[in-house]
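Coordinate analysis (summary)
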Amino acid sequence: MPSPSSNPPSGATSRVDQPRRTRRVVLVSDHYPPVVGGAETLVRELAEGLAAAGDSVTVVTQRVPRDAPARECLGGCEIYRLWVPPRLGRLWFLVFAGFTVARLVRGADLVHAAGYAAMWPAWWAAWWRGRAVVATVYEVLGEQWFSGTGLSRWTAAGYRWLERRLMRLRFTRYLCISGYTSDRLVRLAEVAADRVDIAYPAVDYRFWDPERHAPRPLRSELGLEAGTRIALFFGRPGVSKGVDTLLAAVREMASDESGRPVHCVLLLAKEPADRRAAALRTIEQTGIADRVTVLAPVPRSELPGYLLAADCVVVPSLSEGFGYSAIESASLGCPIVATAGHVFEEVLGSAASYVPVGDARALAAAIRDTAWNPPHPRRPLAPIFTLARHLAAVQAAYDWANP
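**Overview of the sheet that holds strand E6 (residues 132-137)**
- In space, the 8 strands of this open sheet follow the order E3-E4-E2-E1-E5-E6-E7-E8, with mixed pairing throughout. Of all the strands in the sheet, just strand E3 (71-74) and strand E8 (196-198) have a single pairing partner and so form its edges. Across the sheet, the axes of successive neighbouring strands diverge by a mean angle of 25°, strand direction being ignored.
- Each of strand E1 (24-29), strand E2 (56-62), strand E4 (77-82) and strand E5 (110-114) is contacted by helix H2 (residues 89-105), which is oriented at about 150° to E2, the strand it contacts most.
- Its contacts with the sheet put helix H3 (residues 116-129) on E1, E5 and E6, and the angle it makes with E6 is roughly 170°.

**Considering the pattern of salt bridges**
- Scanning the model with the defined rule gives 16 salt bridges in all.
- Among the ionic pairs, Arg160 bridges to Glu163, the shortest N-O distance being 3.4 Å. One end of the pair, Arg160, and the other, Glu163, are both in helix H4 (residues 153-167), 3 residues apart, so they sit about a helical turn from each other. Take Arg160 and Glu163: they sit in the same class, and that class is buried.
- The closest approach of N and O atoms between Arg219 and Asp311, which form a salt bridge, is 2.9 Å. Taken together, the residues span a long stretch of sequence, with Arg219 in helix H6 (residues 218-221) and Asp311 in the loop between helix H9 (303-309) and strand E12 (312-315) at a distance of 92 residues.
- Given a relative accessible area of 15%, Asp311 falls into the buried group.

**Structural notes on the packing of aromatic side chains**
- Evaluated as defined, the whole model comprises 11 aromatic pairs.
- Both rings, one in Trp124 and one in Trp128, keep their centres 5.9 Å apart while their planes meet at 15°; by these two values the pair is stacked. Pair noted here: Trp124 and Trp128 are both in helix H3, with a separation of 4 residues, about one helical turn.
- For Trp128, a relative accessible area of 52% gives the class exposed.
- Ring geometry for Phe207 against Trp208: centres 4.9 Å apart, planes inclined by 90°, an arrangement best described as edge-to-face.
- For Trp208, a relative accessible area of 2% translates into the label buried.
- One aromatic cluster is present, built from ring pairs that chain together Phe99, Trp120, Trp123, Trp124, Trp127 and Trp128.
- Sitting above the plane of the Trp372 ring, Arg229 keeps its charged end 3.8 Å from the centroid.
- Seen from the ring of Phe207, Arg300 lies directly overhead, with NZ or CZ sitting 3.8 Å from the centre.

How each quantity is defined
- Sequence order sets the numbering: in each chain, residues are counted from 1 along the sequence as written.
- In keeping with the model being predicted, local features are shown solely for residues with a pLDDT of at least 70 and side-chain atom pairs are shown and tallied solely at 80 or more, while totals for entire chains, interfaces and linings include all residues.
- Hydrogens and water molecules were not included; the side-chain quantities draw on all heavy atoms of the structure.
- A pair of strands is considered paired only if DSSP assigns at least 2 bridges between the two.
- The secondary structure listing takes helices from DSSP runs of H or I that are at least 4 residues long and strands from runs of E that are at least 2 residues long, numbered from the N terminus.
- All axes here are fitted lines through C-alpha atoms, helices being fitted over the stretch that makes contact, and every angle between N-to-C directions spans 0 to 180 degrees.
- Any two residues whose heavy atoms approach within 4.5 Å are treated as being in contact.
- We define a salt bridge as a side-chain nitrogen of Lys or Arg found within 4 Å of a carboxyl oxygen belonging to Asp or Glu.
- Burial classification: accessible surface area is computed with a 1.4 Å probe over protein chains only, and a residue below 20% of its type maximum counts as buried, one above 50% as exposed, and the rest as partly exposed.
- In this analysis, rings of Phe, Tyr and Trp, with Trp reduced to its six-membered ring, are considered paired at centre separations within 6.5 Å, and the interplanar angle assigns stacked below 30 degrees, edge-to-face beyond 60, and tilted for intermediate values.
- By definition here, charges over rings are those cases where NZ of Lys or CZ of Arg is within 6 Å of the ring centre and within 35 degrees of the ring normal.

Written out as structure tokens, the structure is:
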């Protein structure tokens with residue numbers, strides 16, 4: 001597996017230093033800001049970075065939230081937001097977005113799909129119009145659909161089948177956001193390695209500079225005793241994010257008699273709503289409400305203050321393609337407890353403590369140990385994942401797909 005400081009091992013990077021042509025690109029993504037998330041941040045930075053470099057960029061996405069403009073010019077890009085039924089919106093987008101994409105692709109050079117739900121409409125429109133098509137692959141779950149996601153076996157089997165079908169649509173190029181994702185795409189989806197490139201996402205290191213932010217007085221705001229340590233999780237309660245394991249770890253810590261209290265704070269996104277509701281039910285039904293505080297997501301400008309106030313940040317994911325939350329926390333110098341066996345070891349190295357995926361007891365022990373014995377001083381992660389590096393990798397893939 002390549003280290004984050006190495007160059008992607010594909011032939012696409014060999015054209016980075018050549019003079020590049022500008023293109024008309026249709027970028028398809030099931031979600032786009034103002035929706036909050038790592039993938040959404042990546043797509044926005046890519047779209048605006050391409051536009052700043054001279055490309056004409058049109059983004060096709062869902063109309064989420066419902067009061068977002070159906071069409072607007074934002075960051076130098078033309079944004080088309082399509083209405084789809086709110087329930088299973090990603091699946092509806094996968095089915096119906098192709099007609100809009102096909103109309104817009106008539107005047108474009110290339111189509112770029114970002115994420116699962118964008119793959120079918122982008123591929124179909126590109127095939128219909130005879131255009132090259134590039135796909136960004138965030139992660140490949142494979143058999144992980146069946147373990148720890150909380151999905152029924154039939155539902156997991158359906159998602160697994162859909163994942164395999166989408167990955168095998170024969171895109172002109174595949175852009176993976178890490179070596180871990182690239183390895184899984186080649187191995188599990190049987191995609192030819194010579195069609196796969198790595199484009200690590202960009203991190204805004206200037207924003208995540210710890211010198212620019214002050215810790216929030218979170219302990220006093222929550223009315224916690226002076227000696228209580230805080231373990232913080234932030235992000236979406238998606239099936240792969242490990243929230244169930246974290247809550248099970250809180251139950252383990254609740255029975256700890258060592259006198260080292262830890263309070264868990266979850267800055268939990270509102271979507272997916274069913275998973276968030278399930279987490280709240282678990283907290284109430286298992287009697288750990290006094291050990292957990294669930295807060296609504298906060299504006300990006302306020303998030304560093306919460307992270308700096310925590311004694312450790314917990315990232316219990318079952319699988320991650322890149323792990324924005326972990327890298328952003330590490331950029332602030334926060335002590336981190338993360339899961340092993342996937343991308344975190346690739347992108348964080350020794351900047352985190354690792355536990356096996358799904359092991360609530362090991363997670364509880366690591367949280368207690370890290371929260372009560374954090375490393376000093378805090379050492380911010382080195383600025384490796386830059387926007388310039390990401391754009392260069394994407395543009396090189398474009399050069400191969402549409403010379």
